[in-house]
Amino acid sequence: MPAPAPNEPALNLSPSPGDEVRTTTCYMCACRCGIKVWTTDGRIRYIQGNPAHPVNQGVLCAKGAAGIMQHYSPARLSRPLLRVGERGSGEFREIGWDEALRIAADWLRPIRERNPDELAFFTGRDQSQALTGWWAQQFGTINYAAHGGFCSVNMAAGGLYTLGGSFWEFGEPDWAHTRYLMLWGVAEDHDSNPLKLGLGRLKERGAKIVAINPVRSGYGAIADEWIGIRPGTDGLFAFALIHELLRSDHVDLDYLVRYADAHWLVIRDPGGAQDGLFARDDEGRPLCAARADRPSAFRDESPSSASGHEGWRLAPADATDISPLVVGEYTLADGRTAVPVFQLMAERYLDPQYSPDAVSERCGIPAATIRRIARELAAAAFEHPVRLPVAWTDAWGREHDEMLGRPVAMHAMRGISAHSNGFHTCRALHVLQLLLGAVDTPGSFRFQPPYPKPVPPPNRPGKARRADGSLDAPPLGFVHAPEDLLVDARGEPRRIDHAFSWSYPLSAHGMLHTVIRNAHAGDPYPIDTLMLFMANMSWNSAMNTGETMRWLTDKRDDGGYRIPHVIYSDAYASEMVAYADLVLPDTTYLERFDAISLLDRPISDADGAADAIRHPVFDPATQADGDGRPRDVRGFQSVLLDLGARLGLPGMADAAGGPIYRGYADYIVRHERAPGVGLLAGWRGDGAQHGKGAPNPGQLQRYIDNGGYWREEIPEHARYFKMANRGYLQWAQGKGFLGAGDAIALQLYAEPLQRFRLAAQGHGAHVPPPRHRARVETYFDPLPLWYEPFEGVQSDAAQDDASAVPARAGVRRPVATEPMDPGLRRDDGVPHTHPFPLHAITQRPMFMYHAWGSQNAWLRQIAARNWLYLHPDTGAKYGIGDEDWVEVASHHGSITVQAKFAGNVQPDTVWTWNAIGKRRGAWKLAKDAPEAEHGFLLNHLISDRTPRGDYANADPVTGQAAWFDLRVNLRPAAAACTQPQFAPLPGAAHDDRPLRYGAPQRQRNRGARTR
């Protein structure tokens, strides 16, 4: 390097970001990107993306970079706390861990001896459900759930009961080959870096991106086309597309017969005990009608059993060398008739009620646009197929010399699922994909290992207790039939949240949003202890926020709290801390071990299986709190294991009563869910085994040495058609992802739902109580249907109560409810104005993730308050100007907020960013922080019950919280201040001085340069 010219300083153009770097996994959202944490003198200097990590490939968003301020947040909790004042007062005394764990054990021990179900253990947005669910199982309580019940269970259940996988974290578009991508209800907070990388690849290749969302932001802003749909009508739009594809004969029948149930025969026997079930042979295999002139290698029924029909015969539906028939009506040997699934689909979706002209006004989408989108989908799928010259063998032994794909992909998120019709909407999208032959083919939606699973997955929720007090299965699972429900002999709920009951039978993630109301009411029984982890249930995670706070503080006549004990664990002083009796302070994500496990929320991609860890970059004892004191905090996962050992729980305490595991890191390595299957798949056994193998004491170090992650590529011949690719099925079975290597049939027709419908009609040993029968019969339709979201129907005073049920017993096709949107007319021609004519929704910005981000000093510089955004035309209609203060009212309550005009929203919808509003005194923010002065929550408007009050404000199939069903009206407000305001939570607010990082090092560097 040449010497510098005279009087020119020597500059280091590539300075090191720090003295030391550690690779780990981010926790600033659910993306779980790989990061490099640079430190200097024991403090974070810089966080950058890890270029080698498979999730983000070095890309890092604002949230990930701001992890510095998350770690140094003034809101970090420092020591265990015991309540000394009234619940909700925020008055605590600091205690040590021995006392905290002794108190917790003293509360929980008699519960386990008396009735483990008196513990309700619910977790929020943690990423360790493989442990927390197992802990609840060993304790023996059925009352366990995670946050998915108010977040994404419609997405998961809709996919797992259809495809054996789903959108969200179980699949992804084929970024390398897709030519047409539809984004349904996708906000930019979730999985953002992989999506940004993928969308960039599509833009480079010139693929078309269509965003369907009431609001255009983030990904929608870069889409080639934005379709501003009315909230809750996505399913209807999908059905109109299906209608057009069927009408124009743009359907991949070969795909549907090979990989789905389009040809399976469904019994038509109205009133019979097997009506709507698949026709099966003596071995239980589904049957189809096949052309008689095509021989079969499989045993089938004799032609005479076809009761006089010529030219066809019955055959096992999974037989090869047959030509299945997909339309028509066939007579079975016992005289009953049966029709193929595809026939039922054609009968339903070719009905004029699903034509573009019929649904256009309700969806807010021109009929011409719907027809054009259908033509574009068909053209992309059938006129421009993808052919990969990769030989593969299917599950039946047939060899293929290429992989044929339909380059249409879809991705969907909370915007379609957080409605009371969300389950069927998710199913509708999957049916649309299947008709195009666009599931796990080149160019389409692709499964990520360990998916697909059998449809539905085999694990059912635990119901009974073993001799040692543990449950016979994990508390959460997948219901296959009415006998799997958790109800008592009278058909009443056994769980405190009413999950897996006749009210919400397929609630695979539980129902976190109902637990506090039901615990307060003692419905179906009183509980003793509510234990929550990272669930801000007194604020932004609550519907009916004010009442939730009251339920947490309400007392019985004898002076005791209706919920006697509340144990809460979190890393930060959220609004929920004040409502706890015992607070167990968690670490930050840079101070503990975590397993990002394939048993939990996987980080795989479509071409490979992957998992990861977090490991401590810092010892929390060396990380001072805001007052300069050492922090005495512990990772909640290790605390759970310690508590389990103190309670003597099976699998956590040895014969002498001592702990089996030394902490969560030890558990990650040594615990086996099944022989050879642990939380981590990499470097098992002697370090050379992957997927399955004995525990390896050196496993965590191998992860650390590899950048914190493990990934194994799927063989090239096994990367597509995973549901029926022998290479993949055998590979997945070898890794422990599947119990068997059998093909997985994709399900257009969900037979488990029909079993519930039959029960509602009185068939079988397990039938619903009379008050639930019409509801179950209506919404457990085995083919997807659409109905108006409950709040829109029930909050209209002019509607008859019965209109909340869109179909009647015995009606095979769904009967659409009448239009409820502004400007539409009743059948009698009388104009109708809904009392709450506007839809109101929230979205989360790319730079924040729930309340975690909106207390972060750097992220608050991007946005420290929110507005109610509305279209200028909407403002003019209601006499509201830009930045006026408005009163927003729902059937449940009202708020006063400041409005702001935005052209990126369809005119019948108002919206805001979620979780920015804060309660005064929480999160160690300044007393006049804008988040409390001007920020707000729509939660105050959302009831946890439907307007009629008979069920939770949730999907009737899965129980997912219907956050986005909210309907409101607007009027100018007299006062110019945010309402409601609650009393400030006590405690020292953070001072107003800027939160800085790196200043001491900069001062030292300046000093070194002057010496």
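The paragraphs below set out a description of the structure included in this document. Being a predicted model, the structure only gives us computed values, none of them experimental.

The rules behind these values
Residues numbered from 1 in each chain as written. Predicted model: local features only at pLDDT ≥ 70, side-chain atom pairs only at ≥ 80, totals over all residues. Heavy atoms only, no water. Buried < 20%, exposed > 50% of the residue type's maximum accessible area, 1.4 Å probe, protein only. Helix = DSSP H or I, 4+ residues; strand = E, 2+ residues; numbered from the N terminus. Pairing = 2+ DSSP bridges. Right-handed = clockwise from strand over helix to strand, strands pointing away. Salt bridge = Lys/Arg side-chain N within 4 Å of Asp/Glu carboxyl O. Contact = heavy atoms within 4.5 Å. Core = buried A, V, L, I, M, F, W, Y, C linked by side-chain atoms within 4.5 Å. Axes fitted to C-alpha atoms, helices over the stretch in contact; angles between N-to-C directions. Polar contact = N/O pair within 3.5 Å; in protein donor to acceptor, adjacent residues only side chain to side chain. Phe/Tyr/Trp six-rings, centres within 6.5 Å; stacked < 30°, edge-to-face > 60°.

What follows deals with the pairing of strand S23 (residues 529-533). Look at any regular strand and the pattern is simple: side chains alternate between the two faces of the sheet. Across the five residues that make up S23, a large majority, five, are buried. The alternating pattern of S23 places Thr529, Met531 and Phe533 on one face and Leu530 and Leu532 on the opposite face, and all of these are buried. By the bridge criterion, five bridges tie strand S6 (residues 119-123) to S23 in an arrangement that is parallel. Within S23, the position partnered with Leu119 by the bridge is Thr529. Inspection of the sheet shows S23 paired to strand S24 (residues 565-570) by five bridges, in the parallel sense. Within the sheet, the bridge partner assigned to Thr529 lies in S24 and is His565. As a crossover connection, the stretch from S23 through helix H16 (residues 545-553) into S24 is right-handed.

Using the criterion set out here, one finds 62 salt bridges in the structure. Of the charged contacts in the structure, one is a salt bridge between Arg371 and Asp357, with a shortest N-O distance of 2.6 Å. On the criterion of sequence distance, the pair formed by Arg371 in helix H12 (residues 367-383) and Asp357 in helix H11 (residues 356-363) is long-range, its members being 14 residues apart. Overall, Arg371 belongs to the partly exposed group, its relative accessible area being 27%. Judged by relative accessible area, which is 52%, Asp357 ranks as exposed. The shortest N-O distance in the salt bridge between Arg629 and Asp625 comes to 3.4 Å. The class for Arg629 is partly exposed, based on a relative accessible area of 31%. One network of salt bridges, in which partners are shared, links Arg79, Glu94, Asp625 and Arg629.

Further remarks concern helix H5 (residues 153-160). The buried count for H5 comes to eight of eight residues, which makes it a mostly enclosed element. Residues Val153, Asn154, Met155, Ala156, Ala157, Gly158, Gly159 and Leu160 constitute the buried set of H5. For H5, the secondary structure elements touched by its buried residues are strand S21 (408-412), helix H13 (414-417) and helix H14 (422-435).

Let's shift gears to the nonpolar core. Core analysis: the largest hydrophobic core is formed by 298 residues, its most contacted members being Trp135, Met182, Trp184, Phe237, Leu241 and Leu582. Those residues within four positions of Leu582 in sequence are excluded, and the remaining contacts are Leu81, Leu82, Ile95, Ala100, Ile103, Ala104, Trp107, Val566, Ile567 and Tyr568. The next biggest cluster of nonpolar side chains, apart from the first, holds ten residues, and it includes Leu265, Ala279, Leu287 and Tyr330.

Attention shifts here to the environment of His498. Along the chain, the position of His498 falls in the loop between strand S22 (445-447) and helix H15 (515-521). Residue classification places His498 among the buried positions, given a relative accessible area of 12%. In the structure, His498 is positioned eleven residues away from Val487 in sequence and 8.9 Å away in space, judged by C-alpha atoms. Ignoring sequence-local partners within four residues, the contact set of His498 consists of Pro493, Tyr504, Met511, Asn518, Asp523 and Pro524.

Read across the open sheet, the three strands follow the order S26-S27-S28; overall the sheet is antiparallel. The sheet terminates laterally at strand S26 (594-596) and strand S28 (709-713), the two strands that pair on one side only. For this sheet, the mean inter-axis angle between neighbouring strands, taken without regard to orientation, is 10 degrees. Of the pairings in the sheet, the one linking S26 to strand S27 (residues 608-614) comprises three bridges and is antiparallel in character. Bridge assignment links Ile596 to a residue of S27, and that residue is Ala612.

Our next topic: the side chain of Asn866. With respect to the helices and strands, the residue Asn866 is situated in the loop between helix H24 (850-853) and strand S30 (868-870). In terms of polar contacts, Asn866 uses its side chain to reach the backbone carbonyl oxygen of Trp913, at 3.4 Å. For Asn866, the contacting residues outside a window of four places in its chain are Thr912, Trp913, Ile916, Gly917, His934, Gly935 and Phe936.

This part takes up unusual backbone geometry. Pro450 follows Pro449 through a cis peptide bond whose omega is 10 degrees. With respect to the secondary-structure elements, Pro450 resides in the loop between S22 and H15. Going from Val455 to Pro456, the amide bond is cis rather than trans, its omega being -15 degrees. Within the secondary structure, Pro456 is located in the loop between S22 and H15. Within the chain, Gln57 stands out as a residue other than glycine whose phi angle is a positive 50 degrees. When you line up the elements, Gln57 lands in the loop between strand S3 (43-49) and helix H1 (62-65). The phi torsion at Ala915 lies on the positive side, around 70 degrees, for a residue other than glycine. Residue placement: Ala915 occurs in the loop between strand S33 (909-913) and helix H26 (930-933).

Here we come to the packing of aromatic side chains. In the structure shown here, the tally under the stated rule is 38 aromatic pairs. Both rings, one in Tyr349 and one in Tyr354, keep their centres 5.8 Å apart while their planes meet at 55 degrees; by these two values the pair is tilted. Residue classification places Tyr349 among the buried residues on the basis of a relative accessible area of 1%. With 6.4 Å between their ring centres and 85 degrees between their planes, Tyr504 and Tyr951 make a pair best called edge-to-face. In this pair, Tyr504 is assigned in the loop between S22 and H15 and Tyr951 in the loop between H26 and strand S34 (967-972), connecting sequence segments 447 residues apart. By relative accessible area, which is 3% here, Tyr504 ends up buried. Owing to a relative accessible area of 10%, Tyr951 belongs among the buried residues under this scheme. Here the aromatic residues Phe121, Trp135, Phe139, Tyr144, Phe533 and Phe636 are joined through ring pairs into a cluster of three or more.

Once that is clear, we can look at the pairing of strand S32 (residues 894-901). Strand direction decides the pairing type here: S30 and S32, joined by three bridges, are parallel. When the sheet's bridge partners are listed, Leu870 is paired in S32 with Phe901. In textbook terms, the turn of a hairpin is the stretch between consecutive antiparallel strands, and for strand S31 (residues 885-889) and S32 this stretch comprises four residues.

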